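# Structure at a glance
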Amino acid sequence: MASTALKAAGLASVVALVVAMLIRSSPQLLDQRLQAVLEGLERFERRHGVGAGTRVAVGYGACNDLFADAAEFFDHEAAEPNYSPRLLERRQVIDTFAYFFRHGAAAERYIENASLFDELVDNASGLPGAHFALGGNAPVMASRFVLEGCQVILAAKMTPELQQHLPPDLEVIGGEVTHDDIHLILEYKAGQTWGKFTAPRANRFIVHNDENNPLVKSLEPFGKELSTFEPNLLVVSGLQMMDNYPYATGQREERLQKIKDQMLSVGPKTKIHFEMASFAELDLLEQLTKYIVPFADSLGMNEQELPNLVSMLQYGNVSVISDSNPRVASALDQMRQLFRLLRDEADAAGQRGVSRLHVHTLAYQAILTTKDSLVKWKNSGGAAAKASLTAHRHVCASPAVDTSRARLLLDDSFAASRMQNSRRVGVDSSEPVACWEEKLPETVTICVAPVLVCTQAHQTAGAGDNISAAGLVLQI
C-alpha cells in the first residue's frame, strides 16, 4: 500500500509539473489561470465582512507626500551603490538611492541637512507628473479602515488643508499645525533603468526632514480619547520617523516608553497591531524590540522588514537589504523563527506575546495566527485573499482587478519550508488560498494567497499600509 501511495504521489507531482509548464508556455492557459485565481480570491473575500460598529484607533502622525519619478529626479547622475546611514550631502543621497534601487528594495531615510532637503523638494516639485498627496502610515491605514466600514480615530497633527484629504467620517485627534511635514517619494517601475542599474521590481525611495512626527506630538491627546473610545483594535505605526533623528539624550526612549504605556492602557479586549517599516538605525530597532514589539498581538511587515527584525532579535544587528522576491519557503521559515523568538521572550509584565504575523511580498501574502491563544484572530484565509486583492488594486490604482494588467509570480505549488523533504503545498486556481496547521510547538494556522501582481504600477507608496489594514479588517 505504501509503495502504491508513493507512486501515486509521484505521478501527481509529475502531472502538476507538466500542467505548470503548459500554463507557462500557453498564453490562453495563463489567462484562464489568472481569471480562475481572481475569481477564487474574490470568493474568499466575499465570504467574510466587517463586524458592525468595529472601532479602530490608529497612531501616529501624518505628512504631505510629494511623488516624483526617481529616474527623472536623479537624471544624469553618476552613482555608485553605497549605503550611508546618515544623509548629509547630495552625493550620499544619490549613492544610497542607487544601493536600494539595484535591489528593488523600499527604503525610508531621514535627511539631517534641512537646506538640502528643501532643495530636493524644490527640484522634485518641478518635474512632469510630480504631485502632492496625503501620506503617512497612520492616515493611509486609517483611511483604509474607514473605507472598509470601520469607525476610526487617528492620532495626528495636521494642517486644516491636509485634513481635507481624509475621509469625512475619520476623526483626527491631536490638533492643528501651521505646516505639514513633507515626504519626498521617489518611485520607480520594474525593469526601469537608471544609469547602469535596472530595478528588479517596482518600489520607492523615501526621504524626509520631519519636525513633528519623530516627536509623536499627538500621543498625549490621543491617549485621552482611547479610554472612552474603547477600540476593538489599536494600530501603532509611523515609528520609522524616529530613525536617525537628532534627539536630545534619552528623549526618544522616553517617547517610546510613553507609547508602551499607551499600549498597556487599553484593555485585553483591544487587539494591538504594530506596523513595521524600513528601520536602519540599530539603536532604534533595539529599542522597538524592548518597548513596542513585545506588547503587540500582531505584527505587519514586508519581505525586507521580516529578516531585519529576525536579525535584530537573534543576532543583535540590522539587515538593511534582503531578497526582494523571496521564495515562500524562505519567508515561512523566517516567520516561524520570528514567532518562536517572540513567544519565548514573552515573560515580562504586560507582554502580550505575538499571536499574528502578516508578511506581504510582491508575489504572495502570508498570515500566521495562533489557534488556541487567548487572542482570537478569525478569517485568516479571507484576510489573506483580501490583502492580495488590495495589493493589486492599490498599485494599479483601480477598484477592479484587470487580468490583462496582472501576472502571477507564485507557481501552482510551493515548498512549505527549506527543510529537507518538506512537503509541497498546492495552489488550486479555483480555491487559491492555501491554509494548514502546524505545531511551533503551539498550534498555528498558516495561510498563503498568491498576488495578482500589477504589471503597470501606478503607485507603490502606501501599498503596505493598505494591504495590512485590509488584512486586519477581516480578523478583528
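Placed above this text is the structure.
Residues numbered from 1 in each chain as written. Predicted model: local features only at pLDDT ≥ 70, side-chain atom pairs only at ≥ 80, totals over all residues. Heavy atoms only, no water.

As a further point, take the sheet that holds strand β2 (residues 63-69). Read from one edge of the open sheet, five strands run β3-β10-β7-β2-β4, paired in mixed fashion. Either end of the sheet is taken by a strand with one partner, and the two such strands are β3 (107-110) and β4 (131-135). Ignoring strand direction, the axes of neighbouring strands in this sheet form an average angle of 25°. In the sheet, β2 pairs with strand β7 (residues 182-188) via six bridges, with the strands oriented parallel. Bridge pairing in β7 links A68 to L186. This element, helix α5 (residues 114-125), spans β2, β7 and β10 (203-208) of the sheet and lies at about 55° to β7. (Pairing = 2+ DSSP bridges. Helix = DSSP H or I, 4+ residues; strand = E, 2+ residues; numbered from the N terminus. Axes fitted to C-alpha atoms, helices over the stretch in contact; angles between N-to-C directions. Contact = heavy atoms within 4.5 Å.)

All right, on to the nonpolar core then. Grouped together as the largest cluster of nonpolar side chains are 68 residues, with contacts concentrated most on I259, F274, I292 and L299. Setting aside chain neighbours within four positions, we find F274 in contact with V236, L239, F279, L288, I292, V293, A296, S298, L299 and G300. (Core = buried A, V, L, I, M, F, W, Y, C linked by side-chain atoms within 4.5 Å. Buried < 20%, exposed > 50% of the residue type's maximum accessible area, 1.4 Å probe, protein only.)

Here the focus is the sheet that holds strand β15 (residues 364-370). Picture the strands of a sheet paired through backbone hydrogen bonds; they go either parallel or antiparallel. Pairing is mixed in the open sheet, where ten strands are placed in the order β6-β5-β1-β11-β12-β13-β14-β15-β20-β19. Strands at the two margins of the open sheet, each flanked by one partner only, are β6 (171-173) and β19 (434-439). Put simply, the sheet's adjacent strands are angled 20° from each other on average, direction ignored. Where strand β1 (residues 55-59) and strand β11 (residues 233-236) come together, four bridges link them in parallel fashion. By the bridge assignment for β11, V56 is matched with L233. Running over the sheet, helix α14 (residues 463-473) touches β11, β12 (271-275), β13 (298-302), β14 (356-360) and β15 and is turned about 140° from β14.

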